[in-house]
Amino acid sequence: MPFARLQLSIIVGAAICASLWVGPAEADPRAQIRGNLPDDLRIQLRQAIGEVDGPPTNRFEARRRARAALESAEALLRSEGYYQPLLEDIVEGEDAPIAIVSIEPGRRFTLAEPTIQWTSPEPQADVIQTARSRLNLEPGAPGRAADVIAAEGRIVASLSEQGYPDAEVQPRRVVVDHAAFVVAPTYRIASGPLVRLDGVQVETAGPTNPAWVAALAPWREGDRYDPEQVAELERRLLETGVYDGVNVSLTPADQAQVDGNRPVVVTLTDRPRRIVEAGATFSTADGSGIEGLWTYYNRFGRADTLRFQARIADIDSRIGADLTLPHWRQPGQLLALSAAVVNEDTDAYIRTAGVFSADIRQRIGKTSWVSYGLGVDAGKYDENRFDPVTQLPLSITRDLAILTGRGSAYLDQSDDPLNPTTGWRATLNVQPTAVTGEDSLLFLRAEAQLTGYIPLRDDARTVAAGRVRLGSIIGGDELTIPSDRLFYSGGGGSVRGYEYQGVAPRLPDNTPRGGLSLFEVSAEVRHDLGRNFGAVAFVDAGAVGFQETPDFSNLRYAVGFGARYNLSFGPIRADIAFPLNRREGDASFQIYVSIGQAF
């Protein structure tokens, strides 16, 4: 049996310490509960009364436990709207005394129409109407104390959202009418004045341009205060990634401007301006290499990132630089510029080229975006190809210049970027491409992927995840399209169990053969084992075709399982996958280690 190829693509290492789990000792209820009680109320009473270690040793201790249980039960009953309960603490037995609390809850009180009293000056009429609608207290509903208190918080939150951030609550008055069996709350609210916003005051020891920060504010001078707009400015600054800390807050009332408007103070804490990084990777499947990065943050005073990179590796060596300008010309829009000299050395081709790209990405919502741009590649291609006419392998060398239009969209409706448990994601990439040089052609490369996540239990401890990926090249043919633009499949990000580019049909010398279409599908079941550990079982399949439409006749399948260790920012995954229809040269299994779920 051939040696298995071991892929170790470790982004972050983590030391995982295991400890023995010791089960909790059995505990006894503080007191037994007697009485005709609804099931849900009985459960709440048990939780309120609590547990103790072991039974009472004498009648005195049993009496003390019964009285403590009675007090806890009475507090809970009142909070749930039972204001006329009949309670009795009881002790039974001499040698083995038992603490008992007898409970007859009585009639449950209901809510009367709530009242709001406004301290002068009152807010505007529409604000009052909205605040009342947020109470969410229906007359006749159970008179629970938690509901009464929560409604008061909703009033203040409603006022803040409508331009009254200084709103305060004064002591509320709650009348419990024992004759009518109702609870009548009266809220006393001091709304404070309506606040309108002024400009932005920037406090920072770094080079950030205050005018650039002010242009990010999603409000105009004189607009009503809106906490969501203030939070959006904070999000816009945080997403740049160049600050260790961002605080955005409204100035106190005593710092209002002459016209009454109040500015917003932005406090920025810069991360280190320059960071030098070095790393090494080893993989028998994807190659090995060393890399150095030099990153300069906020070079131009507008939260920009300038990065220089040098990498020497078996597959992808390069030297280059990239610059990202967040919120370029408008909030949420990022400009990314990149230039490099690259040398790709794969089984299918060798490419030595200069590359340049410029992309504009516009954020949609909090996690979704659309992007468009241009890419220019110019260089030498040494390719191992297949001639569909002669049915023979062919080695060719070409000097090509490639102009690529780059359009993409990413929609994220999942609940977590690294460890999703519900929702879906969709990605679309479209690249119209023009090639000139020793060959001239036009073609369109399109690729789409959809992933979905379904919790199989209410607590999402078990999650079913699925992925479908489709790709197609329209125009041109397999022999003339540059090798790096063809579709390949296999590896940790596609069909696990096969090496990089290992799924497609191969030339007689075992060289991967790129195709004009792609189909991949994956299914996983992820289960949380507790104490930060998880387990995964999966099946992957994929095929590369030589027509514009996907070819399902040469599907390659793999199955596997894996372990997860959940950190605060996401899981570390370790997967082992086994190809089901191996060919000559395929390893018997592959191992993958990385950060985040496979998809």
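Residues numbered from 1 in each chain as written. Predicted model: local features only at pLDDT ≥ 70, side-chain atom pairs only at ≥ 80, totals over all residues. Heavy atoms only, no water.

Caption draft 1: Spatial organisation of the side chain of threonine 295. Here threonine 295 is to be found in strand 14 (residues 289-297). Polar contacts involving the side chain of threonine 295 include one to the side chain of arginine 307, which spans 3.2 Å. Once you skip the residues sitting within four places of it in the chain, threonine 295 turns out to touch Arg273, Arg274, Ile275, Glu277, Thr305, Leu306 and Arg307. (Helix = DSSP H or I, 4+ residues; strand = E, 2+ residues; numbered from the N terminus. Polar contact = N/O pair within 3.5 Å; in protein donor to acceptor, adjacent residues only side chain to side chain. Contact = heavy atoms within 4.5 Å.)

Caption draft 2: Broad picture of the sheet that holds strand 4 (residues 86-92). If you walk across this open sheet you meet the three strands as 2-5-4, and the pairing is mixed. Both edges of this open sheet fall to strand 2 (32-34) and strand 4, since each of them pairs with a single strand only. Across the sheet, the axes of successive neighbouring strands diverge by a mean angle of 25°, strand direction being ignored. As defined by bridge partners, strand 4 adjoins strand 5 (residues 98-104) across seven bridges and the pair is classed as antiparallel. Bridging across to strand 5, valine 91 finds its partner in alanine 99. Relative to strand 2, helix 1 (residues 39-49) is tilted by about 145°, and along the sheet it contacts strand 2 and strand 5. Contacting strand 4 and strand 5, helix 2 (residues 59-79) crosses the sheet at an angle of about 160° to strand 4. (Pairing = 2+ DSSP bridges. Axes fitted to C-alpha atoms, helices over the stretch in contact; angles between N-to-C directions.)

Caption draft 3: Main features of the pattern of salt bridges. On inspection of all chains with the given rule, the structure shows 43 salt bridges. One salt bridge in this structure joins glutamate 239 and arginine 363, with 2.9 Å as the shortest N-O distance. A residue pair is termed long-range when its members are at least 10 positions apart, and glutamate 239 in the loop between helix 6 (227-238) and strand 11 (243-250) and arginine 363 in strand 18 (residues 349-364) qualify at 124 residues. Judged by its relative accessible area of 39%, glutamate 239 is partly exposed. When the shortest N-O distance is used, the salt bridge between arginine 469 and glutamate 447 registers 2.7 Å. With arginine 469 in strand 23 (residues 462-474) and glutamate 447 in strand 22 (residues 441-455), this pair connects stretches of sequence that are 22 residues apart. (Salt bridge = Lys/Arg side-chain N within 4 Å of Asp/Glu carboxyl O. Buried < 20%, exposed > 50% of the residue type's maximum accessible area, 1.4 Å probe, protein only.)

Caption draft 4: Spotlight on the confidence of the model for the protein. For the protein, mean pLDDT is 89; residues scoring 70 or higher make up 95% of the total. Here residues 1-25 is a poorly scored stretch, pLDDT under 50, and it has 43 contacts once near neighbours within four places are set aside; other chains count. (pLDDT = per-residue confidence, 0-100.)

Caption draft 5: Molecular detail of helix 2. Taking 1.5 Å of rise per residue, 21 residues should cover 30 Å, and helix 2 covers 30 Å from first to last C-alpha, within 8% of that figure. Every buried residue belonging to helix 2 is among Glu61, Ala62, Arg65, Ala66, Ala69, Leu70, Ala73, Leu76 and Leu77, and all of these are buried. At the N-terminal boundary of helix 2, the capping side chain belongs to asparagine 58, with an oxygen 3.2 Å from the backbone nitrogen of phenylalanine 60. Downstream of helix 2 by one or two residues, glycine 81 has phi in the positive range, about 95°. (Expected span 1.5 Å × (residues − 1).)

Caption draft 6: Quick look at the packing of aromatic side chains. A full pass over the atoms with the stated rule returns 10 aromatic pairs. Judged by centre distance (5.4 Å) and plane angle (70°), the ring pair of phenylalanine 109 and phenylalanine 181 falls under edge-to-face. With phenylalanine 109 in the loop between strand 5 and strand 6 (110-111) and phenylalanine 181 in the loop between strand 8 (168-177) and strand 9 (182-190), this pair connects stretches of sequence that are 72 residues apart. The exposure class assigned to phenylalanine 181 is buried, which follows from its relative accessible area of 19%. When the centroid spacing of 6.3 Å and the interplanar angle of 35° are considered together, the rings of phenylalanine 561 and phenylalanine 578 count as tilted. Of this pair, phenylalanine 561 sits in strand 26 (residues 556-566) while phenylalanine 578 sits in strand 27 (residues 571-579), and the two are 17 residues apart along the sequence. The class for phenylalanine 561 is partly exposed, based on a relative accessible area of 49%. Members of the aromatic cluster, joined through ring pairs, are Tyr83, Phe109 and Phe181. Positioned above the aromatic ring of tryptophan 328, the side-chain terminus of arginine 329 is 5.4 Å from the ring centre. (Phe/Tyr/Trp six-rings, centres within 6.5 Å; stacked < 30°, edge-to-face > 60°. Lys NZ or Arg CZ within 6 Å of the ring centre and 35° of its normal.)

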